[in-house]
Amino acid sequence: MKEKTVLITGASRGIGAECARVFARNGYNVAFCYNKSEEKANELKNELINLGSDVYCEKADVTNKNELEKFVENSIKIFKKIDVLINNAGVALQKLFIDCNENDYDLIFNTNFKSMVIVTNLVLKNMLKFKEGKIINISSIWGEIGGSCEVLYSASKSACNGFTKALAKEYGRMNITVNAISPGFIDTDMNKNLTTKEINEFKENISLNKLGTPNDVAELALFLANKKSDYITGQIIGVNGGIN
Ligand code: NAP
């Protein structure tokens, strides 16, 4: 078993899966959950094992408190110490606010925010025992500047940003850092519903004139997990290619 462990929510695809790969390549055991993409989760598990990591992977819908808590508790039982938590699981919803209903609100907030609160509460207790830990929340640029037709999503990510800053203040003295990564437009399934025309329009507003990759986000997460970033906490750090 490797010395350090990262726990990632929603890592069967996209940014979460890439974080799992990058951390495994850099000497971490990986505990991760998934919901619908079982085949992809199993493929990833094998890939991480081949990279030399110990892996615990469990189906846990993050909107289901019991499943989520069981996943975290099992991960702690197996690895004893969680060094890094990446709250990544998330869903987007492109819809006019006027057309949104309570089910939309529940889906977005339970997936993107409530799950973060539940997991962090459990993992933090483990980190406090060891008096060290790194918490990394995957937010979004929309949480900072607001996105039209993504009002609920933007609000859930603003909640994530407030949570990050306040938690960092509360647990800084216990040697636990809390930061959020705020990606712009990252090329994952989350954006697969967009047409080429829409993607090109987005690119026009990005200084680097290209989409980001999951690896761009994962490398920052790895840095935020490293000792080299020990003096960074309470920050919302953009990975967005320079969005205008
Ligand atoms: P993605 O490619 O759609 O992947 C989403 C991941 O979250 C999948 O592994 C999915 O697992 C998991 N997930 C979703 N709902 C879940 C649930 N109820 N329970 C457990 N797992 C669940 O999305 P992504 O682009 O990688 O997004 C990852 C994070 O980055 C999200 O928080 C998102 O808001 C944020 N973000 C993304 C972008 C972007 O442009 N892509 C920009 C800003 C922020 P299953 O498939 O197994 O259900």
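To be clear, the structure that these remarks concern was listed above.
Being a predicted model, the structure only gives us computed values, none of them experimental. (Residues numbered from 1 in each chain as written. Predicted model: local features only at pLDDT ≥ 70, side-chain atom pairs only at ≥ 80, totals over all residues. Heavy atoms only, no water.)

Asker: I'd love a proper account of the packing of aromatic side chains, names of residues and values included.
Answerer: Aromatic rings considered in pairs are described by the distance between their centres and by the relative angle of their planes. Enumeration over the complete set of coordinates arrives at 5 aromatic pairs. Ring plane angle 20° and centroid distance 4.7 Å describe the contact between Tyr105 and Phe109, whose orientation is recorded as stacked. One end of the pair is Tyr105 and the other is Phe109, both in helix H4 (residues 102-130) and 4 residues apart, which spans about a single turn. Relative accessible area serves as the criterion here: at 41%, Tyr105 is assigned to the partly exposed category. Take Phe109: its relative accessible area is 14%, and that puts it in the buried class. Plain terms: the ring middles of Phe113 and Phe163 are 5.8 Å apart, the flat faces sit at 85° to each other, and that makes the pair edge-to-face. Of the two residues, Phe113 sits in helix H4 while Phe163 sits in helix H6 (residues 151-171), which places them 50 residues apart along the sequence. With a relative accessible area of 16%, Phe163 lands in the buried category. The ring of Phe130 has Lys81 lying over it, and the distance from NZ or CZ to the ring centre is 5.7 Å. (Phe/Tyr/Trp six-rings, centres within 6.5 Å; stacked < 30°, edge-to-face > 60°. Helix = DSSP H or I, 4+ residues; strand = E, 2+ residues; numbered from the N terminus. Buried < 20%, exposed > 50% of the residue type's maximum accessible area, 1.4 Å probe, protein only. Lys NZ or Arg CZ within 6 Å of the ring centre and 35° of its normal.)

Asker: Kindly report on the pairing of strand S4 (residues 84-87), identifying the contributing residues and their values.
Answerer: Burial of S4 is two-sided: the residues Val84 and Ile86 facing one way and the residues Leu85 and Asn87 facing the other way are all buried. Examined bridge by bridge, S4 and strand S5 (residues 133-138) share 4 bridges and lie parallel to one another. Among the inter-strand pairings, Val84 is bridged to a residue of S5, identified as Lys134. In the classification by handedness, the crossover that spans S4, the intervening H4 and the parallel S5 is right-handed. (Pairing = 2+ DSSP bridges. Right-handed = clockwise from strand over helix to strand, strands pointing away.)

Asker: Hey, could you go over the site of the ligand for me, with residue numbers and the actual values?
Answerer: Surrounding the ligand, one finds 31 residues, the nearest of these being Ile15, Ser37, Asn88, Tyr153 and Thr188. Here an oxygen atom of the ligand and a backbone polar atom of Gly184 are 3.4 Å apart. Within the side chain of Thr188, a nitrogen or oxygen atom sits 2.5 Å from an oxygen atom of the ligand. Protein chains bury 95% of the 890 Å² of accessible surface belonging to the ligand in isolation. Given that more than half its atoms are within 2 Å of the pocket grid, the ligand belongs to the largest pocket. (Near = heavy atom within 4 Å. Polar contact = N/O pair within 3.5 Å; in protein donor to acceptor, adjacent residues only side chain to side chain. Areas by Shrake-Rupley, 256 points an atom, 1.4 Å probe, with all protein chains shown as cover. 1 Å grid on protein atoms, 1.4 Å probe; cavity = no way out; pocket = protein on both sides within 12 Å on 5 of 7 lines; lining within 4 Å. Sits in = over half its atoms within 2 Å of the grid points.)

Asker: Please provide a residue-by-residue account of the pairing of strand S3 (residues 55-59), values included.
Answerer: With respect to burial, S3 is a largely interior element, 4 of its 5 residues being buried. Where strand S2 (residues 28-34) meets S3, 5 bridges bridge the pair, whose relative direction is parallel. Within the sheet, the bridge partner assigned to Tyr34 lies in S3 and is Lys59. Chirality of the crossover, the property in question, places the unit of S2, helix H2 (residues 38-50) and S3 among those that are right-handed.

Asker: How would you explain unusual backbone geometry if you had to name every residue and give the values?
Answerer: Backbone geometry places Lys80, a non-glycine residue, at a positive phi of 70°. If you trace the backbone, Lys80 turns up in the loop between helix H3 (65-79) and S4. Since its relative accessible area comes to 57%, Lys80 is described here as exposed. Unlike most non-glycine residues, Asn209 shows phi in positive territory, near 55°. Tracing the backbone shows Asn209 in the loop between helix H7 (196-204) and helix H8 (214-225). Residue Asn209 is classed as partly exposed on the basis of its relative accessible area, which comes to 43%.

Asker: Quick one: what's the story with the packing of helix H1 (residues 14-25) against H8, residue by residue and with numbers?
Answerer: Between H1 and H8, the least distance of the axes is 8 Å, while the angle of their chain directions is 50°. With respect to H8, the element H1 is oriented oblique. Read as a crossing pair, H1 and H8 show a hand that is right-handed. Residues Gly14, Ile15, Glu18, Cys19, Val22 and Phe23 of H1 touch H8, and the partners they reach there are Pro214, Asn215, Val217, Ala218, Glu219, Ala221, Leu222 and Ala225. Taken together, the residues of the contact of H1 with H8 break down into 10 nonpolar, 2 polar and 2 charged. (Axes fitted to C-alpha atoms, helices over the stretch in contact; angles between N-to-C directions. Parallel < 35°, antiparallel > 145°, perpendicular 65-115°, else oblique. Left-handed = near helix turned anticlockwise from the far one by under 90°. Contact = heavy atoms within 4.5 Å. Nonpolar A, V, L, I, M, F, W, Y, C, P; charged D, E, K, R; others polar.)

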